[in-house]
Amino acid sequence: TDAVRTLDTAGALLLERTIRRLRRNGTEVLVGQLPTRHRALLELVAGDLTAGAATVPLNAAERLGKATIAALQQAFELLAFVGQCTLQALPLLARPYRIRWRQVAIELRRAGVAALPIVGLLIFLVGIVIAYQGGAPLQQYGAVIFIVELISMTILREMAPLITAIIVAGRTGSSYAAEIGTMQITEEIDALRTMGITPFEMLVLPKLLALLVAMPLLTVFADVMGLLGGMV
């Protein structure tokens, strides 16, 4: 043991498993001669192994119940968030001068203008695919003229709003989650509360207002690009 200068978690895990295997075979193993720092790491790994071994795998019914409870908790938290946003937004909307319009403009550029290229490219390709895939079957029945109705109804009613929502949820939503999560870890949100600024007023309301403006405009832009793709 004197030759061991450093010990990481992987080495401690391997050593602990070896010690347990030897003890199960009846071999006496003493770890008292290990350095204190190595013993502490070994005890930490041993505790994790014991906790993992004590975990009983859940059956199908238990997993279903656990997933159901988690889904209900998420639904309740979403409902609570919507209610909290409503209660805090109404006084600010009654006094618009308190809203941080500069921050709203910044969020509008991030959520709207910056999303135009990816939204336009995807829905343009979707319009091409719909026209290409729908034109061949319609041609067999001599109804190629109805490709116009197929593209317009599919793009305007379904695909453009759906693609826009998916892109905004995946691109903008994930960036919001990462930003707020990082601020939570670095205690910036607590600093805002200390300065008397509510996180809702600084972080939530500008993003909500920006999305309320950006989503309809992005959908109209997606409608145009989808129809152009179908025309091509």
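Residues numbered from 1 in each chain as written. Predicted model: local features only at pLDDT ≥ 70, side-chain atom pairs only at ≥ 80, totals over all residues. Heavy atoms only, no water.

(A) Seen up close, the overall build of the chain. Within the chain, the regular secondary structure consists of eight helices and zero strands. With respect to the three principal axes, the spread of C-alpha positions in the chain is 85 × 60 × 40 Å. For the chain, the residues scored as buried account for 27% of the 232 residues in total. The contacts in the chain between residues at least 6 apart in sequence include a share of 78% that link residues at least 24 apart. (Helix = DSSP H or I, 4+ residues; strand = E, 2+ residues; numbered from the N terminus. Buried < 20%, exposed > 50% of the residue type's maximum accessible area, 1.4 Å probe, protein only. Contact = heavy atoms within 4.5 Å.)

(B) Here's a closer look at the packing of helix H4 (residues 101-111) against helix H6 (residues 147-185). Across the interface, H4 lies against H6 with an axial gap of 10 Å and an inter-helix angle of 130°. Between H4 and H6, the interaxial angle falls into the category oblique. In this structure, H4 uses Glu107, Arg110 and Ala111 to contact H6, whose residues at the interface are Arg171, Thr172, Ser175, Tyr176 and Glu179. By residue class, the composition of the contact of H4 with H6 is two nonpolar, two polar and four charged. (Axes fitted to C-alpha atoms, helices over the stretch in contact; angles between N-to-C directions. Parallel < 35°, antiparallel > 145°, perpendicular 65-115°, else oblique. Nonpolar A, V, L, I, M, F, W, Y, C, P; charged D, E, K, R; others polar.)

(C) Structural context of the layout of surface pockets. Empty space within the largest pocket amounts to approximately 370 Å³. Along its surface, the largest pocket is lined by 18 residues, and Phe81, Ile180, Pro199, Phe200 and Val204 are the ones closest to its centre. It is helix H8 (residues 199-231) that contributes the most residues to the lining of the largest pocket, seven residues altogether. The residue makeup of the lining of the largest pocket, split by class, is twelve nonpolar, four polar and two charged. Computed from the structure, the second largest pocket encloses a volume of approximately 220 Å³. (1 Å grid on protein atoms, 1.4 Å probe; cavity = no way out; pocket = protein on both sides within 12 Å on 5 of 7 lines; lining within 4 Å. Points joined across faces, edges and corners; volume = space filled by probe spheres on them.)

(D) Structural detail: the packing of aromatic side chains. With the rule as written, the count across this model stands at zero aromatic pairs. Positioned above the aromatic ring of tyrosine 176 is the side chain of lysine 207, whose terminal nitrogen or guanidinium carbon lies 5.1 Å from the ring centre. (Phe/Tyr/Trp six-rings, centres within 6.5 Å; stacked < 30°, edge-to-face > 60°. Lys NZ or Arg CZ within 6 Å of the ring centre and 35° of its normal.)

(E) Focus on H6. An ideal rise of 1.5 Å per residue puts 57 Å on 39 residues; H6 measures up with 53 Å between its terminal C-alpha atoms. If you look at H6, its biggest bend is around 50°, right at isoleucine 155. Along its buried surface, H6 packs onto H4, helix H5 (116-140), helix H7 (188-194) and H8. (Expected span 1.5 Å × (residues − 1). Bend = angle between axes of the 7 residues up to and from the residue.)

(F) Seen up close, the packing of H4 against H8. For the pair H4 and H8, interaxial distance at closest approach is 8 Å and the crossing angle is 45°. Comparing their axes, H8 and H4 come out oblique. The interaxial crossing formed by H4 with H8 has right-handed handedness. Contacts between H4 and H8 involve Trp101, Gln103, Val104, Glu107, Leu108 and Ala111 on the former and, on the latter, Met202, Pro206, Lys207, Leu209, Ala210, Leu211, Val213, Ala214 and Leu218. Residues of the contact of H4 with H8, tallied by class, amount to twelve nonpolar, one polar and two charged. (Left-handed = near helix turned anticlockwise from the far one by under 90°.)

(G) Structural detail: a nonpolar patch on the surface. Among the surface-exposed residues, Leu121, Leu125, Ile128 and Val232 lie close enough to one another that they form a single nonpolar patch of about 370 Å² accessible area. Relative to the helices and strands, leucine 121 resides in helix H5. (Patch = residues over 30% accessible without salt bridge, like charges linked within 9 Å, V, L, I, M, F, W, Y side chains within 5 Å. Areas by Shrake-Rupley, 256 points an atom, 1.4 Å probe, with all protein chains shown as cover. Salt bridge = Lys/Arg side-chain N within 4 Å of Asp/Glu carboxyl O.)

(H) Local environment of the confidence of the model for the chain. Scored by pLDDT, the chain comes out at a mean of 84, with 94% of its residues at no less than 70. Within the chain, the lowest mean pLDDT, 69, falls on helix H2 (residues 36-54), and the highest, 90, falls on H8. (pLDDT = per-residue confidence, 0-100.)

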